[in-house]
Amino acid sequence: MALDKPYLDVPGTTVFDAEQSRKGYWLNQFCMSLMKAENRERFRADERAYLGEWAMTAEQRQAVLDRDLNRCIALGGNIYFLVKIGATDGVSVQNMVSTMSGMNEEDYRQMMLGGGRSIEGNRYLHEQERQEKGI
């Protein structure tokens, strides 16, 4: 569906819109299944077998196996569902998002306590392109 999506111009941001929702439906359903203790146990016992029960793409399955949450989001995952994987692994949300930011947990924590990521270099892609060209 070709809709005008001005939010695609924001660097490092994937908006969970209707298109992303359709793309990640089974990935997110898998994540929600981890709300049940018996499913968490089955997943921990044999991740590949459990993932094979879901109609996800091979790329989505591999992203889960790699715990590559940025890739999961690009493939339609919703962070509110993806945190179920971290909970299953015994990993805090703070730890999960720090790895998504390419930072260790303490540096991420300090950045957030200091007001978050700087706006510099994180505005719009078209602004970055102009700046790189010296315009």
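Analysis parameters
Think of each chain on its own: its residues are numbered from 1, step by step along the sequence as written. In keeping with the predicted nature of the model, local features appear solely for residues at pLDDT of at least 70, side-chain atom pairs appear and are counted solely at 80 or more, and the whole-chain, interface and lining totals rest on all residues. The side-chain numbers reported here are obtained from all heavy atoms of the structure, hydrogens and water having been left aside. A helix here means a DSSP run of H or I that spans at least four residues, while a strand means a run of E at least two residues long, and both kinds are numbered starting from the N terminus. Relative accessible area decides the class of each residue, using a 1.4 Å probe on protein chains only: under 20% of the type maximum gives buried, over 50% gives exposed, and in between gives partly exposed. Whether two residues touch is decided by their heavy atoms; if any such pair falls within 4.5 Å, the residues are in contact. By the counting rule applied here, Lys and Arg register as positive and Asp and Glu as negative, while His and the ends of each chain are not counted. By convention, charge coordinates are those of NZ in Lys, CZ in Arg, CG in Asp, or CD in Glu. Here the limits of each domain have been adopted from an automatic or database domain assignment. UniProt positions are given in the numbering used here, feature names are shortened, and annotations may be inferred rather than shown by experiment. Helix axes are fitted to C-alpha atoms over the stretch in contact, other axes to C-alpha atoms as well, and angles between N-to-C directions run from 0 to 180 degrees. Under this scheme an angle from 65 to 115 degrees is roughly perpendicular, one under 35 degrees roughly parallel, and one over 145 degrees roughly antiparallel; angles in between are oblique. In this scheme the crossing of two helices becomes right-handed for a clockwise turn of the near helix relative to the far one and left-handed for an anticlockwise turn of less than a right angle. Salt bridge criterion: a side-chain nitrogen from Lys or Arg within 4 Å of a carboxyl oxygen from Asp or Glu. Count a disulfide wherever a pair of cysteine sulfur atoms falls within 2.5 Å.

Asker: Residue-level account of the overall build of the protein, with values.
Answerer: When helices and strands are counted, the protein shows 10 helices and 0 strands. Order of helices (α) and strands (β) in the protein, N terminus to C terminus: α-α-α-α-α-α-α-α-α-α. With the C-alpha coordinates aligned to their principal axes, the bounding extent of the protein is approximately 55 × 40 × 20 Å. Within the protein, buried positions represent 28% of all 135 residues. Sequence separation of at least 24 residues holds for 49% of the intrachain contacts in the protein that already meet a minimum separation of 6. Here the protein contributes 17 positive and 20 negative side-chain charges, whose respective centroids are spaced 4 Å apart.

Asker: Requested: an account of the domain arrangement of the protein, with residues and values cited.
Answerer: As assigned here, the protein comprises domain 1 (15-89) and domain 2 (101-134). Between the C-alpha centres of domain 1 and domain 2 there is a distance of 27 Å.

Asker: Which residues make up the UniProt feature "domain: Extradiol ring-cleavage dioxygenase LigAB LigA subunit" (unreviewed entry) in the protein, and what values do they have?
Answerer: According to UniProt, the feature "domain: Extradiol ring-cleavage dioxygenase LigAB LigA subunit" (unreviewed entry) maps to residues 27-112 in the numbering used here. In the segment residues 27-112, helix accounts for 73% and strand for 0%; the C-alpha atoms at its two ends are 29 Å apart.

Asker: Lay out the packing of helix α7 (residues 79-89) against helix α8 (residues 93-100) in plain terms, naming residues and giving numbers.
Answerer: Between α7 and α8, whose axes approach to 10 Å, the crossing angle comes to 110 degrees. With respect to α8, the axis of α7 lies roughly perpendicular. Every pair of crossing elements has a handedness; the one defined by α7 and α8 is right-handed. Only Val93, Met96 and Met100 of α8 make contact with α7, whose side of the interface consists of Ile79, Leu82, Val83 and Gly86.

Asker: Break down the pattern of salt bridges for me, with residues and values.
Answerer: Tallied over the full model, the rule gives 8 salt bridges. Measuring nitrogen to oxygen at the nearest pair gives 2.5 Å for the salt bridge that ties Lys5 to Glu19. Separated by 14 residues along the polypeptide, Lys5 in the segment before α1 (18-23) and Glu19 in helix α1 bring together distant segments of the chain. In this structure, the salt-bridge partner of Glu47 is Arg67, at a minimum N-O distance of 2.7 Å. You can see Glu47 sitting in helix α4 (residues 47-51) and its partner Arg67 sitting in the loop between α5 (58-66) and α6 (69-74), a full 20 residues away along the chain. With relative accessibility at 25%, the residue Arg67 sits in the partly exposed group. Residues joined by salt bridges that share partners form a network here, namely Lys5, Asp17 and Glu19.

Asker: Break down the state of the cysteines for me, with residues and values.
Answerer: In this structure the tally under the stated criterion is 0 disulfides. Not engaged in a disulfide, the cysteine Cys72 finds its nearest cysteine sulfur in Cys31; these two sulfurs lie 6.8 Å apart. Residue classification places Cys72 among the buried positions, given a relative accessible area of 1%.

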